[in-house]
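Residue strings, one per chain:
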Amino acid sequence: MAIRNIVKNGDEILRKVCRTQMTFDDKLATILDDMIETMYAADGVGLAAPQIGMLRRYCVIDIGEGVIELVNPVIEETEGVQEETEGCLSYPGEYGITRRPMKVTVRAQNRKGENIRVTGEGLLARALCHEIDHLDGVIYKDRVIK
Ligand code: NI
């Protein structure tokens, strides 16, 4: 495993739409392992592939309840609304209040290509929305309300 460089503020890669991940091989597993290590080293709760320079649709999340890996995630259902403080490892030291759903259900694949479904409330719902936004070139700052 290796710690990858996190792409920072201003890099145009953060604004690109990522491509679907079609292969579920050792290369993907290695990148996901690296992303997990990089996320923990940076003390973050989530990291998306474009943040390490990969324009692919996958991300990792750990809000303190264990790691969640999502390949080709799609938000299936949302419920309620929350307004909370949010930041991003690509924008160190910056924070803003965003409006997000209180609860989301995401369908995705795991590193083996198996279909999975994840439901999260509160912080996990925010992290799911935040990381999936990254895959479409959307930054939390686009959603800051104050
Ligand atoms: Ni982020």
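Quick caveat: nothing in here was measured; it's all calculated off a predicted structure. (Residues numbered from 1 in each chain as written. Predicted model: local features only at pLDDT ≥ 70, side-chain atom pairs only at ≥ 80, totals over all residues. Heavy atoms only, no water.)

### Quick notes on the environment of Val 60
Heads up, the rule is: Strands here are runs of E lasting at least two residues and helices are runs of H or I lasting at least four, both read from the DSSP assignment and numbered beginning at the N terminus. Per-residue accessibility, obtained with a 1.4 Å probe over protein chains only, is compared with the maximum for each type, and a residue is labelled buried under 20%, exposed over 50%, and partly exposed between these values. Every residue pair with non-hydrogen atoms within 4.5 Å of one another is taken to be in contact.
Tracing the backbone through its elements, the reader meets Val 60 in strand 2 (residues 58-61). The exposure class of Val 60 is buried, given its relative accessible area of 0%. Discounting chain neighbours no more than four positions away, the residues touching Val 60 are Leu 32, Met 35, Ile 36, Met 39, Val 45, Gly 46, Leu 47, Ile 68, Glu 69 and Glu 131.

### Focus on the packing of aromatic side chains
To be explicit about the condition: Whether two aromatic rings pair depends on their centres lying within 6.5 Å, for rings of Phe, Tyr and Trp, where Trp uses its six-membered ring; planes under 30 degrees apart make the pair stacked, over 60 edge-to-face, and the rest tilted.
All told, the structure shown has 1 aromatic pair when counted by the stated rule. Taken together, a centroid distance of 6.3 Å and an interplanar angle of 80° make the contact between Tyr 91 and Tyr 140 edge-to-face. Highlighted residues: Tyr 91 in the loop between strand 4 (82-86) and strand 5 (96-100) and Tyr 140 in the segment after helix 2 (123-134), separated in sequence by 49 residues. Across this residue pair, the class does not change: Tyr 91 and Tyr 140 are buried.

### Structural notes on the nonpolar core
Test applied: Nine residue types can take part in a nonpolar core, namely buried Ala, Val, Leu, Ile, Met, Phe, Trp, Tyr and Cys, and a core is a set of them joined through side-chain atoms within 4.5 Å.
Counting residues in each nonpolar core, the largest one holds 17 residues, and the members touching the most others are Ile 61, Ile 68, Leu 70, Val 104, Val 106 and Leu 128. Put simply, the parts of the chain that give this core at least two residues each are strand 2, strand 3 (68-79), strand 6 (103-109) and helix 2. If you tally residues by element for this core, the top one is helix 2, at 6 residues. Excluding anything up to four places from it in sequence, Val 104 contacts Glu 77, Thr 78, Val 118, Thr 119, Gly 120, Ala 125, Leu 128 and Cys 129. With 14 residues, the next largest nonpolar core counts Met 39, Leu 47, Ile 52 and Val 60 among its residues.

### So, the state of the cysteines
Definition in use: Cysteine sulfur pairs qualify as disulfides if the two atoms are within 2.5 Å.
For the structure shown, the criterion picks out 0 disulfides. With no disulfide partner, Cys 18 has as its closest neighbouring cysteine sulfur the one in Cys 59, 9.9 Å distant. For Cys 18, a relative accessible area of 6% translates into the label buried.

### Describing the coordination of the nickel ion
Around a metal, the ideal angle is 109.5 degrees if four donors adopt a tetrahedral arrangement and 90 or 180 degrees if six donors adopt an octahedral arrangement. Which entries qualify depends on this criterion: Distances up to 2.8 Å from the metal define which N, O and S atoms are donors, and 3.2 Å serves for Na, K and Ca; water is absent from the atom set, so sites may look incomplete.
Around the nickel ion, the protein supplies Cys 88 (SG), His 130 (NE2) and His 134 (NE2) as donor atoms, at distances of 2.0 to 2.3 Å. Sequence positions of the residues that donate to the nickel ion give the spacing C-x41-H-x3-H. Linking Cys 88 in the loop between strand 4 and strand 5 with His 134 in helix 2, this pair joins segments that are 46 residues apart in sequence. The exposure classification of Cys 88 matches that of His 134, with both residues buried.

### Quick word on the pairing of strand 5
Definition in use: In short, DSSP must find at least two bridges between two strands for them to pair.
Burial along strand 5 is one-sided: Gly 96, Thr 98 and Arg 100 are buried, while Ile 97 and Arg 99, pointing the other way, are not. Relative to strand 5, strand 4 runs antiparallel, the two being bridged by 5 bridges. Within strand 5, the position partnered with Glu 83 by the bridge is Arg 99.

### Side note on the layout of surface pockets
The condition is simple: Definitions used for this entry: grid spacing 1 Å over protein atoms alone; cavity, a set of points where a 1.4 Å probe fits but cannot get out; pocket, an open set with protein on both sides within 12 Å along at least 5 of 7 lines; lining residue, one with an atom within 4 Å of a point. Grid points are joined across faces, edges and corners, and a volume is the space filled by probe spheres set on the points. Only Asp, Glu, Lys and Arg are considered charged in this grouping, and only Ala, Val, Leu, Ile, Met, Phe, Trp, Tyr, Cys and Pro are considered nonpolar; every other residue, Gly among them, is considered polar.
Within this model, the largest pocket holds a volume of roughly 360 Å³. If you go around the largest pocket, you meet 21 residues; those closest to its centre are Val 45, Glu 86, Gly 87, Cys 88 and Leu 89. With 5 residues, the single largest contributor to the lining of the largest pocket is helix 2. A class-by-class count of the residues in the lining of the largest pocket yields 9 nonpolar, 7 polar and 5 charged.

### What to know about helix 1 (residues 26-41)
Convention followed: Expected span of a helix: the number of residues minus one, times 1.5 Å.
With 16 residues, helix 1 should cover 22 Å at 1.5 Å per step; its first-to-last C-alpha distance of 22 Å lies within 8% of that length. Every buried residue belonging to helix 1 is among Leu 28, Ala 29, Ile 31, Leu 32, Asp 34, Met 35, Ile 36, Thr 38 and Met 39, and all of these are buried. Buried positions along helix 1 lie against strand 1 (46-48), strand 2 and strand 3. Positive backbone phi, at 60°, marks Asp 43, one or two positions downstream of helix 1.

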